[in-house]
Amino acid sequence: MSTNDASTTETLNTWFDGFEKRQFNVNGVVVCARISANWLNQLDKPVLVLLHGFPQTHVMWHRVAQALKTDYRLVLPDLRGYGDSSHAPGLPDHSNYSKRAMAQDVVGLLDQLNVDDFFLCGHDRGGRVAHRLALDYPARVRRLCVLDIAPTLDMYKRTDMDFARAYYHWFHLIQPSPLPEKMIGGNVLHYLHTKLGGWGSQGTSFIEPEAMAEYERSMNLQPEQPGDLMPAVHTACEDYRASAGIDLDHDKTSRAQNQKIQCDALVLWGDRGVVQKMFKPLELWQAQCAGQVTGHAVPSGHFIPEELPERTVESLRAFMV
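Residues numbered from 1 in each chain as written. Predicted model: local features only at pLDDT ≥ 70, side-chain atom pairs only at ≥ 80, totals over all residues. Heavy atoms only, no water.

A.B. asks: Can you walk me through the packing of aromatic side chains in this structure?
C.D. replies: By convention here, two paired aromatic rings are described through the distance between centres and the angle between planes. Scanning all chains against the criterion turns up 14 aromatic pairs. With 5.3 Å between their ring centres and 45° between their planes, F163 and Y167 make a pair best called tilted. For the ring pair Y167 and W170, a centre distance of 5.5 Å and an interplane angle of 45° mean the geometry is tilted. By relative accessible area, Y167 is classed as buried at 4%. Grouping aromatic residues by their ring pairs yields a cluster made of Y156, F163, Y167, W170, F171, W199, F206, F279 and F303. (Phe/Tyr/Trp six-rings, centres within 6.5 Å; stacked < 30°, edge-to-face > 60°. Buried < 20%, exposed > 50% of the residue type's maximum accessible area, 1.4 Å probe, protein only.)

Printed below as a string of structure tokens:
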């Protein structure tokens with residue numbers, strides 16, 4: 001599917017039955033998203049936006065989306081730099097891969113869908129985008145859920161040898177281009193599988209074959225010109241470079257101004273993962289929220305929506321009301 005199309009509907013893939021895969025032009029950036037196919041017949045249903053993380057795409061939500069598609073109008077975007085969304089080269093300050101820029105993409109997409117307010121859930125990097133979106137657009141977010149993360153600024157402040165060992169990719173991916181891109185590009189699928197099977201997830205058996213094929217296809221996108229950097233590898237690095245730079249500046253400014261998430265929030269994290277071992281997520285998120293924060297650990301590693309889809313569905317259905 002060409003990313004130059006303003007709007008394209010996927011009709012042949014029955015795996016995401018009940019959804020349309022479309023390309024949107026949002027302020028000059030191509031944003032790919034799946035949305036409920038019967039959107040116009042569900043205008044009485046609330047909107048739920050699901051944001052994926054690294055090294056995945058929106059298809060990580062497949063099982064969850066199928067279970068929730070009669071309860072909500074669902075919007076599942078590929079964040080910029082991932083999947084079939086834009087893979088523009090990073091700017092020198094990495095600002096075009098800041099969480100603020102990604103949040104603007106999501107809001108611009110929802111503007112095109114004529115959605116004023118919505119429920120929002122993000123896993124991993126998507127949770128960081130959701131955090132920034134809730135700060136920058138408080139009137140738009142009815143309730144927020146973040147999965148298996150603590151606030152970025154707090155996680156960097158906590159850095160010690162144990163954290164660096166567990167999340168070494170945070171420090172590898174932020175190295176100046178092209179070092180990490182070329183290292184990962186030497187065996188990109190091995191790197192992908194290692195990440196998907198790590199962080200307490202005990203292998204990749206929980207990933208649907210169709211989803212794995214999409215992760216492999218997306219991460220393995222080839223450059224237009226021989227010798228150029230692999231696009232998705234480069235933009236994933238840019239995502240992390242932004243998190244270690246301009247995103248921290250945005251977060252520090254928000255805290256200095258006492259800017260907090262205004263809505264209630266739900267936080268879930270895996271009991272085998274890094275967040276459980278090294279952080280107190282409820283305390284850290286409550287410190288950043290004016291609303292009430294609830295949540296708990298669940299029996300999984302990092303990739304909660306795929307490892308525990310039924311538990312994820314139950315939690316979202318109970319909270320997003």
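A.B. asks: Which parts of the structure should I look at to understand the pairing of strand β3 (residues 47-51)?
C.D. replies: Here is the key point about a regular strand: its side chains alternate between the two faces of the sheet. For β3, the buried fraction is high: five of the five residues fall into the buried class. Neither face of β3 is left uncovered, since the one carrying V47, V49 and L51 and the one carrying L48 and L50 both have all their residues buried. The handedness of the β3 to strand β4 (residues 73-77) crossover, carried by helix α1 (residues 62-68), is right-handed. Sheet topology places β3 next to strand β5 (residues 118-123); four bridges connect them, and they run parallel. By the bridge assignment for β5, L51 is matched with G122. (Helix = DSSP H or I, 4+ residues; strand = E, 2+ residues; numbered from the N terminus. Right-handed = clockwise from strand over helix to strand, strands pointing away. Pairing = 2+ DSSP bridges.)

A.B. asks: Would you explain helix α10 (residues 231-243) in this entry?
C.D. replies: One full turn of an α-helix is made of 3.6 residues, so residues set three or four places apart face in the same direction. Between its terminal C-alpha atoms α10 stretches 19 Å, which fits the 18 Å expected from 13 residues at 1.5 Å a residue. Within α10, 13 of the 13 residues are buried, leaving the element largely enclosed by the surrounding structure. (Expected span 1.5 Å × (residues − 1).)

A.B. asks: For this particular structure, what's the right way to read the sheet that holds β4?
C.D. replies: What holds strands together in a sheet is hydrogen bonding between their backbones, with the strands either parallel or antiparallel. Strand order across the open sheet formed by eight strands is β1-β2-β4-β3-β5-β6-β7-β8, with mixed pairing between neighbours. Strand pairing shows two members of the sheet lacking a second neighbour, β1 (19-26) and β8 (293-298), which therefore form its edges. Each strand axis lies, on average, 20° off the axis of its neighbour in the sheet, ignoring direction. Of the strands in this sheet, β1, β2 (29-36), β3, β4 and β5 touch helix α2 (residues 99-112), which is tilted by about 110° from β1. (Axes fitted to C-alpha atoms, helices over the stretch in contact; angles between N-to-C directions. Contact = heavy atoms within 4.5 Å.)

A.B. asks: I keep staring at helix α9 (residues 209-219) and nothing clicks. Help me out?
C.D. replies: Looking at α9, one finds that the buried residues are A211, M212, E214, Y215, S218 and M219. The arc that holds every buried residue of α9, seen down its axis, measures 160°, which confines them to one face. Against the buried residues of α9 lie β1, α8 (188-196), α10 and α14 (304-307). (Arc of directions from axis to C-beta.)

A.B. asks: Help me out: how do you make sense of the confidence of the model for the protein chain in this one?
C.D. replies: Overall, the predicted model of the protein chain reaches an average pLDDT of 95, with 96% of residues at or above 70. Across the protein chain, the element-wise mean pLDDT spans from 94 in helix α5 (residues 161-166) up to 99 in β3. Across residues 1-12 the pLDDT falls below 50, and counting only partners more than four positions away or on other chains, this stretch makes 23 contacts in the model. (pLDDT = per-residue confidence, 0-100.)

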